[in-house]
Amino acid sequence: MKSKASQSQGLLLFRLSQTQLFALGTLKILELVPYTPLSVIPKSHPTIMGAATIRGKAIPIIDMASAVGYPPIAQEELSKSYIIITDCQRMVIGFLVRGIDKIIECNWRDIESPPNNLGKNAYLTGVTKFDDQLVQLLDVELLLSKVFPLSPETTRVSLTDVQREKLKPLNILLVDDSKVARKQLSDALDSINIPYQVTPDGREALAIMEQAANDGMPIQLLVSDIEMPGLDGYELAFEVKNTPALAQAYIILHTSLSSEMSVSQAHQVGANEALTKFDANELISAMLRGAEQHNANV
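On a predicted model such as this, the values are computed, not experimentally measured, just so you know. (Residues numbered from 1 in each chain as written. Predicted model: local features only at pLDDT ≥ 70, side-chain atom pairs only at ≥ 80, totals over all residues. Heavy atoms only, no water.)

> Is there a simple way to think about the overall build of the protein chain in this case?
A count of helices and strands for the protein chain gives 10 helices and 15 strands. By residue count, 52% of the 298 residues in the protein chain fall in the buried class. Restricting the contact set of the protein chain to residue pairs at least 6 apart, pairs at least 24 apart contribute 64%. Summed over its atoms, the accessible surface of the protein chain is roughly 13,900 Å², and 50% of this surface lies on carbon and sulfur atoms. (Helix = DSSP H or I, 4+ residues; strand = E, 2+ residues; numbered from the N terminus. Buried < 20%, exposed > 50% of the residue type's maximum accessible area, 1.4 Å probe, protein only. Contact = heavy atoms within 4.5 Å. Areas by Shrake-Rupley, 256 points an atom, 1.4 Å probe, with all protein chains shown as cover.)

And the structure:
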């Protein structure tokens, strides 16, 4: 199967420094806008430069270079700078960058995981090459979590004892290439004492599921990101549903994209549900529906 994500998604290449190319998946991007004057947002995060009024809507603008550890974009650079307007994690946000390079087609299977020696604060989900240049794919979720920490209401889970006992016996696998997303998922389940396995990689997830099935303990709930290097969530769901030993898994795909298209494609490849990250109670509610379906099939 060809990936539905890779068919519809390229990479926008841009610069935060003079030498290094960075990238975002194009599905996250609403439009590109030359720098426009900003109005001040009082008491905002230091990396928020202000708000731009675009098509009648005030949009917070983050200095992306500053946010990921490069020198802030100086006043004299603004005339050549661009704002990348994104729709991510239920927010429309603009990122100011030093320059736009180009949009390229991309086979997401060719994107590799970032090297482990980059450290826990590296804002990367993957690396690839274009014209012999290294391209770093940014972890926007991690960046946004630093600028807009999630409210307790979003991360707090309430569960009855009966609901907990429905989830606890199930073999659960979480898959996400974003460090912050993996932590959000893990924290949600840790807070209600539900066991699980977790991996950052779609290919590894498939291998875990195949081994678990061989051991007679198949994965019953799969919670996977959609946008991942290597094997994306659409492909993973498709492979699971087309492998008889794995096909009984209840699949929940989740994405930072606020897009009905993502939901539609998720259902086309066999996923039971598609959620927009991140609301812990929505996730747990979806997992409970999976538990109900599993119990009904037993």
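> Sorry if this is basic, but what is going on with the nonpolar core here?
Nonpolar side chains in soluble globular proteins generally cluster together in the buried interior. In terms of nonpolar packing, the biggest core is built from 37 residues, with Phe14, Leu16, Ile62, Met64, Leu138 and Leu143 touching the most fellow members. By residue number, the principal contributor to this core is helix H3 (residues 140–147), which donates five residues. If we ignore the near neighbours within four places in the chain, the residues touching Phe14 are Gln20, Leu21, Phe22, Ala23, Leu24, Met64, Ile84, Val97, Gly99, Ile100, Asp101 and Leu138. Of all hydrophobic cores here, the second largest spans 25 residues; its members include Ala205, Leu253, Ala266 and Val269. (Core = buried A, V, L, I, M, F, W, Y, C linked by side-chain atoms within 4.5 Å.)

> Teacher, can you tell me more about the packing of aromatic side chains here?
Each aromatic ring pair is summarised here by two numbers: the centre-to-centre distance and the angle between the ring planes. Scanning the entire structure with this criterion turns up two aromatic pairs. Relative to Tyr70, the ring of Phe22 has its centre 5.8 Å away and its plane inclined at 85 degrees; by these criteria the two rings are edge-to-face. Of this pair, Phe22 sits in strand S2 (residues 21–25) while Tyr70 sits in the loop between helix H2 (64–67) and strand S6 (82–88), placing them 48 residues apart in sequence. On the accessibility criterion, Tyr70 (28% relative accessible area) is partly exposed. Feature note: the residues Phe14, Phe22 and Tyr70 constitute an aromatic cluster, connected by ring pairs. (Phe/Tyr/Trp six-rings, centres within 6.5 Å; stacked < 30°, edge-to-face > 60°.)

> Explanation requested: the pattern of salt bridges in the structure shown.
For the structure shown, the criterion picks out nine salt bridges. Here Asp101 and Lys102 are joined by a salt bridge, their closest N and O atoms 2.9 Å apart. Relative accessible area serves as the criterion here: at 29%, Asp101 is assigned to the partly exposed category. (Salt bridge = Lys/Arg side-chain N within 4 Å of Asp/Glu carboxyl O.)

> Help me out: how do you make sense of the environment of Leu143 in this one?
Relative to the assigned elements, Leu143 resides in helix H3. For Leu143, a relative accessible area of 2% translates into the label buried. When the C-alpha positions of Leu143 and Leu124 are compared, they lie 9.6 Å apart, and in sequence the two are 19 residues distant. Not counting residues within four places of it along the chain, the set of residues in contact with Leu143 comprises Ile62, Met64, Ala67, Val68, Phe95 and Tyr123.

> Can you walk me through the sheet that holds strand S8 (residues 99–104) in this structure?
Strands in a sheet are paired, the pairing made by backbone hydrogen bonds, and the direction either parallel or antiparallel. What the five strands build is an open sheet, ordered S8-S1-S2-S10-S9; its pairing is mixed. Two strands lie at the open edges of the sheet, namely S8 and strand S9 (124–130), each paired on one side alone. Taking each pair of neighbouring strands and ignoring which way they run, the sheet shows an average axis angle of 30 degrees. Alignment of S9 against strand S10 (residues 133–138), held across six bridges, turns out to be antiparallel. Residue pairing for S10: Lys129 is matched across the bridge by Leu134. (Pairing = 2+ DSSP bridges. Axes fitted to C-alpha atoms, helices over the stretch in contact; angles between N-to-C directions.)

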